[in-house]
Number of protein chains: 2
Amino acid sequence: MGPKIGIVGGGQLGRMLGIAAKQLGFTVVVLDPNPDSPAGQVVDRQILGHYTDPDAIRRLAAEVDFLTFEIEQTDAGMLAEIAVRIPVNPSPGTLRIIQDKLAQKRFLETAGLPVAESRVIESRADLLSASQAFGLPILLKARFDAYDGRGNAVIRSFDDVDSALARLSGRQLYCERFVRFEKELAVIAARSADGAIAIYDVVETIQRRHICQMVLAPADIDARAAANARQLAEHVMTHLEGAGVFGIEMFLTTSGEVVINEIAPRVHNSGHYTIEACDTSQFEQQIRAITGLPLGSTNQIVPAVMVNLLGDRSGAADVRGLERALAIPNVAIHIYGKAETRPERKMGHLTATGETLAIARERAERAHDRISI
Amino acid sequence: MGPKIGIVGGGQLGRMLGIAAKQLGFTVVVLDPNPDSPAGQVVDRQILGHYTDPDAIRRLAAEVDFLTFEIEQTDAGMLAEIAVRIPVNPSPGTLRIIQDKLAQKRFLETAGLPVAESRVIESRADLLSASQAFGLPILLKARFDAYDGRGNAVIRSFDDVDSALARLSGRQLYCERFVRFEKELAVIAARSADGAIAIYDVVETIQRRHICQMVLAPADIDARAAANARQLAEHVMTHLEGAGVFGIEMFLTTSGEVVINEIAPRVHNSGHYTIEACDTSQFEQQIRAITGLPLGSTNQIVPAVMVNLLGDRSGAADVRGLERALAIPNVAIHIYGKAETRPERKMGHLTATGETLAIARERAERAHDRISI
């Protein structure tokens, strides 16, 4: 049996990482509190335990040769302890910077990268003064544990200040200048253990209620903006420590500039299209990166559109319309094997390819209309 | 959790079928005598038992919605019993015809398909008379349970007759006229539950000691021969019963004709290249076919060369050179997770893609040279 990889977290990202690792012959163990987790179903073994539980993480690490994670909400301190003994990637130091969204902003600013201006918020007075300095609207955000829009509030008028503070009370906060954007972009970037960097093409992400709905790959933007976005991603990678795949979210502003929004220290929803459309999927890339293997080609072979399959009700998951969706050519459907569905929960995704982005998008939307979970 | 698929056999074909089925959201259970089998590692559950054991097959069938197999050496009679209750594909009737290589030949002849002339052999006298009628060399073959050259003997002179009969003694035999071929070809063909047929491009297979070493996709043959081979495959599929994927092996004779050699009622080594090079892999195609889903496009996107990674020694499997092999661009490596290696055992495969078949082949051979198991 091959060397062992441990993955902290057993969701859909762990599932797709697990499949890539098994293909390359690794033994894979995941840590997740949910028995029969999406990743647990496709790998050798699952340790039942929470991905924030230091003891559970230690138990996982004790039996593997390489450790990685599919979720930022884990114990960076414990990972740092483990990294003394076995390779843990992305590096716990990088994870710690990224976990604190304000530290992440400062890190990017220090590296000379364009980000929205931000301020720490410790009181109502701080927020009022920032609102006056930046102008409205302004974004109030939790520094830690915010994802899919949970932990964010938009303040459009001074009347919103108290409700925003109430909604995020008890959390460490910061605020950001609102960026007026034309499009949201993302770049998947990877670094190998020996420091080689590989950058995928720029994609456009379409969000609704802060949840990614659709990814257009490549983004339909001018060549200058695309080159700029890729350069920024490369710049980020030269400053972050550790090997692995990162999802770098950006804005293309109404004035044509590219600004970095935030970084995910892991494979990313915006990179699922790479399974069907690129020489090397982001998942195989991550497995290569964390195990000291050379990176694969990031070349995109064919235009692709990815659509998330979000739950549309609560209850036992039940995939409907698979047959009708698969009747559309060049549609690959990924169902994550979650037992329970609920509104907006990521239950699967589909990727359509086509000779043009328009053809791929038409196929993806038609397939999406036919399927429900 | 999705509907359940049972797979009889847990080798590498079951492993790649399992990954395809998991991606589509199915629950997958395999039957294999080897704990921690290649397929068992990547699916929900493994039942420990032999794939020829009718009781074990019955236990597997009792907990699934669809049943298929990755190996011909199973109990067609038990599958036929199960098929009364749940869909079993390819059909047990088709499996039974294919299991008996002589019955398979007769079936193909009756369907009007070109095959080498053959005769049943029940005695030394039968073999001598066939040798005189067909001329030497002649092939003596076991009707049942022959694969990878086990169960075949070539008789080049009358001196070989007794040793060939001794080697295959105790088995039911037949003989075949020797086909002088230019190339060995294969076509992967699929039929859905509602009778739709999909044919992949013709590939060339390069064998050594009756074991597939390399597959060139597409085959470098003239358009007439390629069209002929695809037509023959379609013709085979209109005559075989049941849904599923079939590997159809053919000869391109020295006189430019295409002759059918034999049919495998399952995904096939010659179709592994479809994972990287085609719109739909043969494995997803099989899962679609046996679960009543529509077939996917068989279109090949890019030239590809597949090389089997065969064991080169006996002992615990240990993949060497993965790092150096993966440094070559556009090389996808599949390691099957078998604990023990032995000479000629199929331990994995790799597929290289490239703008031309020559580029893909050069990459595949270079990668193959760097890796050993």
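Residues numbered from 1 in each chain as written. Chains lettered and ligands numbered in written order. Predicted model: local features only at pLDDT ≥ 70, side-chain atom pairs only at ≥ 80, totals over all residues. Heavy atoms only, no water.

Caption draft 1: Representation of the environment of Glu284(A). Among the secondary structure elements, Glu284(A) is positioned in helix α10 (residues 282-290). Glu284(A) sits in the buried class, given a relative accessible area of 12%. Distance from Glu284(A) to Glu355(A), taken between C-alpha atoms, is 25 Å for residues 71 residues apart in sequence. If near-sequence neighbours (up to four positions away) are discounted, Glu284(A) is found in contact with Ala20(A), Gln23(A), Leu24(A) and Leu326(B). (Helix = DSSP H or I, 4+ residues; strand = E, 2+ residues; numbered from the N terminus. Buried < 20%, exposed > 50% of the residue type's maximum accessible area, 1.4 Å probe, protein only. Contact = heavy atoms within 4.5 Å.)

Caption draft 2: Representation of the interface of chain B and chain A in the model. Facing the 34 residues of chain B at the interface are 33 residues of chain A. Of the roughly 2,800 Å² buried between chain B and chain A, counting both surfaces, carbon and sulfur atoms make up 55%. Counting the contacts that link chain B with chain A gives 0 salt bridges. Run the count over chain B and chain A and you get 10 residue pairs in polar contact (both at pLDDT 80 or more). Counting residues per element, the ones that place at least two in the side of chain B that touches chain A are α1 (12-23), α10 (282-290), α11 (322-326) and β17 (331-335) of chain B. For the side of chain B that touches chain A, the per-class residue count stands at 17 nonpolar, 8 polar and 9 charged. (Buried area = accessible area lost by both parts, 1.4 Å probe. Salt bridge = Lys/Arg side-chain N within 4 Å of Asp/Glu carboxyl O. Polar contact = N/O pair within 3.5 Å; in protein donor to acceptor, adjacent residues only side chain to side chain. Nonpolar A, V, L, I, M, F, W, Y, C, P; charged D, E, K, R; others polar.)

Caption draft 3: Structural context of the packing of helix α1 (residues 12-23) of chain A against α1(B). Axis separation between α1(A) and α1(B) bottoms out at 12 Å; the angle between their running directions is 170°. Judged by the angle between their axes, α1(A) and α1(B) are roughly antiparallel. Here α1(A) and α1(B) pass one another in a crossing that is left-handed. Counting all contacts with α1(A), which are made through Arg15(A), Ile19(A), Lys22(A) and Gln23(A), the residues of α1(B) involved are Arg15(B), Ile19(B), Lys22(B) and Gln23(B). (Axes fitted to C-alpha atoms, helices over the stretch in contact; angles between N-to-C directions. Parallel < 35°, antiparallel > 145°, perpendicular 65-115°, else oblique. Left-handed = near helix turned anticlockwise from the far one by under 90°.)

Caption draft 4: Looking closely at α1(A). All names here are of chain A. Counted at 1.5 Å a residue, the expected span for α1 with its 12 residues is 16 Å, and the 17 Å between its end C-alpha atoms agrees. Most of α1 sits inside the fold, with 12 of its 12 residues counted as buried. Along α1, the residues that are buried comprise Gln12, Leu13, Gly14, Arg15, Met16, Leu17, Gly18, Ile19, Ala20, Ala21, Lys22 and Gln23. Downstream of α1 by one or two residues, Gly25 has phi in the positive range, about 95°. (Expected span 1.5 Å × (residues − 1).)

Caption draft 5: Examining the relation of the copies chain B and chain A more closely. Mapping chain B onto chain A is achieved by rotating through 180° and translating by 0.0 Å along the same axis, at an RMSD of 0.0 Å. Here the copies are linked by what is in effect a two-fold axis. It is Val42(B) whose C-alpha, among those of chain B, lies nearest the rotation axis, at 2.2 Å. By residue overlap, the copies meet face to face through one surface: 97% of the interface positions of chain B are interface positions in chain A. (Least-squares fit on C-alpha atoms with pLDDT ≥ 70 in both.)

Caption draft 6: Geometry of the nonpolar core. Formed by 123 residues in total, the largest nonpolar core has its most connected members in Tyr273(A), Ile333(A), Tyr273(B) and Ile333(B). Setting aside residues no more than four positions away along its own chain, Tyr273(B) makes contact with Tyr200(B), Asp201(B), Val203(B), Val215(B), Ala217(B), Cys278(B), Gln300(B), Ala304(B), Met306(B) and Thr351(B). (Core = buried A, V, L, I, M, F, W, Y, C linked by side-chain atoms within 4.5 Å.)

Caption draft 7: The packing of aromatic side chains, seen in detail. Residues and elements named next belong to chain A. Taken as a whole and judged by the stated rule, the model has 2 aromatic pairs over all chains. Ring centres 4.9 Å apart and planes at 15° place the aromatic pair Phe181 and Phe251 in the stacked group. Separated by 70 residues along the polypeptide, Phe181 in strand β9 (residues 181-191) and Phe251 in strand β12 (residues 244-253) bring together distant segments of the chain. (Phe/Tyr/Trp six-rings, centres within 6.5 Å; stacked < 30°, edge-to-face > 60°.)

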